[in-house]
Amino acid sequence: MEVYAWGSGNYGRLGFGNCQDASTPQPVTGVLNGCTVTNVACGWYHSVVATSSGEVATFGTSVSKNLGKADSEADDSSDDDEHEKNRHDNDKQ
């Protein structure tokens, strides 16, 4: 499944690795390259992608604790590498 995103890029929630808005659908690549995406979910401040290998990538801000990070790790900052920091691998849990 290919993943496309558009709209407000605030907090990096579109998964492009930046906070830019997109007025038309754009493919989400980067961290998803080579992955088989099985599920996608979106909220006001975040997006979540699950892959066939059990990995989960989250994009956006944890201001509402939506990224699945422990409270001690949570922050509401947004930077260009937010999606990389929030990538979770089931094998490591």
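See above for the structure.
Because the structure is predicted, anything quoted here is derived from the model rather than measured. (Residues numbered from 1 in each chain as written. Predicted model: local features only at pLDDT ≥ 70, side-chain atom pairs only at ≥ 80, totals over all residues. Heavy atoms only, no water.)

(A) Fine view of the overall build of the protein. Within the protein one finds one helix and five strands. Ordering the α and β elements of the protein from the N terminus gives β-β-β-β-β-α. Counting only residues that meet the buried cut, the protein has 33% of its 93 residues in that class. Relative to all contacts within the protein whose residues are 6 or more apart in sequence, the contacts with residues 24 or more apart total 32%. Of the roughly 5500 Å² that the protein leaves accessible, carbon and sulfur atoms contribute 45%. (Helix = DSSP H or I, 4+ residues; strand = E, 2+ residues; numbered from the N terminus. Buried < 20%, exposed > 50% of the residue type's maximum accessible area, 1.4 Å probe, protein only. Contact = heavy atoms within 4.5 Å. Areas by Shrake-Rupley, 256 points an atom, 1.4 Å probe, with all protein chains shown as cover.)

(B) Inspection of the sheet that holds strand β4 (residues 46-51) at higher detail. Spatially, β3-β4-β5 is the arrangement adopted by the three strands of the open sheet, whose pairing is antiparallel. Of all the strands in the sheet, just β3 (37-42) and β5 (56-60) have a single pairing partner and so form its edges. Direction aside, the axes of adjacent strands within the sheet are offset by 15° on average. Here β3 runs beside β4; their pairing, made up of five bridges, is antiparallel. By the bridge assignment for β4, Val37 is matched with Thr51. (Pairing = 2+ DSSP bridges. Axes fitted to C-alpha atoms, helices over the stretch in contact; angles between N-to-C directions.)

(C) Unusual backbone geometry, seen in detail. One non-glycine residue, Tyr11, adopts positive backbone phi at about 65°. Along the chain, the position of Tyr11 falls in the loop between β1 (4-7) and β2 (22-27). A relative accessible area of 29% places Tyr11 in the partly exposed class.

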